[in-house]
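One letter stands for each residue in the lines below.
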Amino acid sequence: MSTTHAPGRSPQGNRIDYKIVLVLSLVHFTGDFYSAFFTPLLPAFQAKLCLTLTQVGLITGAVRFLSFVVQPVVGYMADRYETRWFVLTGLFLVFFVIPFSGIAPNYWMLLTLLCLGSFGSSMFHPSTSGMVNVYAGNRAGFAQSIFNTGGTLAFALGPVFITWYVSRFGLSAMPWTMLLGLVSFIFCLKYMPKPVSENMAGLGFINSLKHTFGKVYKTIFLIWLVMVLRAVVGQTFLTFMPIYLTLHGHALPSVGVTIALFTIAGTLSGLTAGYCADRFGFKPVFFLSYLLMPPTLLMFLYMPGLGAYAGSFLSGFFVLAPMPLGVVMAQKLAPGSRAMAASLMMGLAYGLGGVVAPGIGWLADIFGLTIVLKCTAFIPLVCLIPIALFPKIE
């Protein structure tokens, strides 16, 4: 694969190269499918290893830190060492290591396995996300939404699959699930193109940041801020939703379905948001999404029984809708380093949302999980002010 394409330009001009975008989406799907295992299994891990909510939060914080917060540095390294094996090694760590968490004998071994798999996740995200824009033609928002759909669909199907699997075969049978990832890995090994370097490695990490964001750092910061706060809300609910549902009488398979509905809704809303942003602009879509997050999250918490499914779907629709948009806006503002922009918006922002999980767990141990979740639901309203300051980006 040639590496001489200009940044932001598709090898096919204004047309999307759907074949390459779908291959990159498959990498995203496979990695996130396995990354989605640990959240719905938190009640099972908690029961097996007698974990406190603070320990549950520590697991989530460590996993999110290694999966996402380190992505800007990993994205820089991926640009420095332009090779498919950087992506493929990360994908291998995810599907090979995470399944062994089912046989972890203690808390620290569980934490180690999940952290190692999470670091693998951080290895493939920046490069693949940055490559999407190269093959997007003039449909950057839609192409990034397709790529994002690979991840959100994985986070929808992963919980359903693993909760069914563990309920039927037990945690001890989890290592066998790596066979599914092996099939996908072989396919990606054959068809995934070589990453396109953005020639930032020679500048050094700090200088590459200055070169990329120096003139637009204020706008980038505003976008990043609302993405971080969105991630705090999303990660808090995804982390503690299984435990909240278990406390309210839901069985493990029901927990998996509820999380799946949350993320399936995000799959649909991501595509919808990408299409609408290309047609009507990014700012209106951001504003509407953040405005409707609080009522739908409260709907999930207050509706009893089967109503939790409807609340989960609607809240997931609006919480996850802005995810691809922040990436595309940053890439449009800083087209010289797509991978770095993607890693800040999808990686660092998303990861910081998970890093606060230990603090959320600590607060939940003190004040109660329901109260903490209710307070978290109102955070998106704070974001309406910085969203109002967004510039118009075509």
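Summarised in this report is the structure supplied together with it. (Residues numbered from 1 in each chain as written. Predicted model: local features only at pLDDT ≥ 70, side-chain atom pairs only at ≥ 80, totals over all residues. Heavy atoms only, no water.)

1. Focus on the overall build of the protein chain
Okay, so step 1: On a plain count of helices and strands, the protein chain comes out with 18 helices and zero strands.
Okay, so step 2: By sequence separation, contacts in the protein chain at least 24 residues apart represent 87% of the contacts at least 6 residues apart.
Okay, so step 3: When the accessible surface of the protein chain is totalled, it reaches about 15000 Å², and 72% of it is carbon and sulfur. (Helix = DSSP H or I, 4+ residues; strand = E, 2+ residues; numbered from the N terminus. Contact = heavy atoms within 4.5 Å. Areas by Shrake-Rupley, 256 points an atom, 1.4 Å probe, with all protein chains shown as cover.)

2. Some thoughts on the packing of aromatic side chains
Aromatic ring pairs are reported here in terms of the distance separating the ring centres and the angle at which the planes meet.
Okay, so step 1: Using the criterion set out here, one finds 25 aromatic pairs in the structure.
Okay, so step 2: Both rings, one in Phe-33 and one in Tyr-34, keep their centres 5.6 Å apart while their planes meet at 80°; by these two values the pair is edge-to-face. Across the pair, Tyr-34 and Phe-33 agree in class, each one buried.
Okay, so step 3: With 5.7 Å between their ring centres and 40° between their planes, Phe-33 and Phe-161 make a pair best called tilted. With Phe-33 in helix α1 (residues 18-35) and Phe-161 in helix α7 (residues 140-169), this residue pair connects regions lying 128 residues apart in the sequence. (Phe/Tyr/Trp six-rings, centres within 6.5 Å; stacked < 30°, edge-to-face > 60°. Buried < 20%, exposed > 50% of the residue type's maximum accessible area, 1.4 Å probe, protein only.)

3. Notes on the packing of α1 against helix α5 (residues 84-97)
Okay, so step 1: Contact pair α1 / α5: the axes reach a minimum separation of 8 Å and the direction vectors enclose 30°. Compared by their axis directions, α1 and α5 come out roughly parallel. Crossing angle aside, the handedness with which α1 passes α5 is left-handed. On α5, the residues that touch Val-27, Thr-30, Gly-31, Tyr-34 and Ser-35 of α1 are Val-87, Leu-91, Val-94 and Phe-95.
Okay, so step 2: Here the contact of α1 with α5 is built from residues that sort into six nonpolar, three polar and no charged. (Axes fitted to C-alpha atoms, helices over the stretch in contact; angles between N-to-C directions. Parallel < 35°, antiparallel > 145°, perpendicular 65-115°, else oblique. Left-handed = near helix turned anticlockwise from the far one by under 90°. Nonpolar A, V, L, I, M, F, W, Y, C, P; charged D, E, K, R; others polar.)

4. Examining unusual backbone geometry
Okay, so step 1: The backbone of Cys-50 sits at a positive phi, close to 55°, despite the residue not being glycine.
Okay, so step 2: On the secondary structure map, Cys-50 appears in the loop between α2 (42-49) and α3 (53-69).

5. Looking at the environment of Asn-148
Okay, so step 1: By the element assignment, Asn-148 lies in helix α7.
Okay, so step 2: A residue is classified by how much of its surface remains accessible, and Asn-148, at 2% relative accessible area, is buried.
Okay, so step 3: When the C-alpha atoms of Asn-148 and Gly-270 are compared, they prove to be 7.1 Å apart, with 122 residues separating the residues in sequence.

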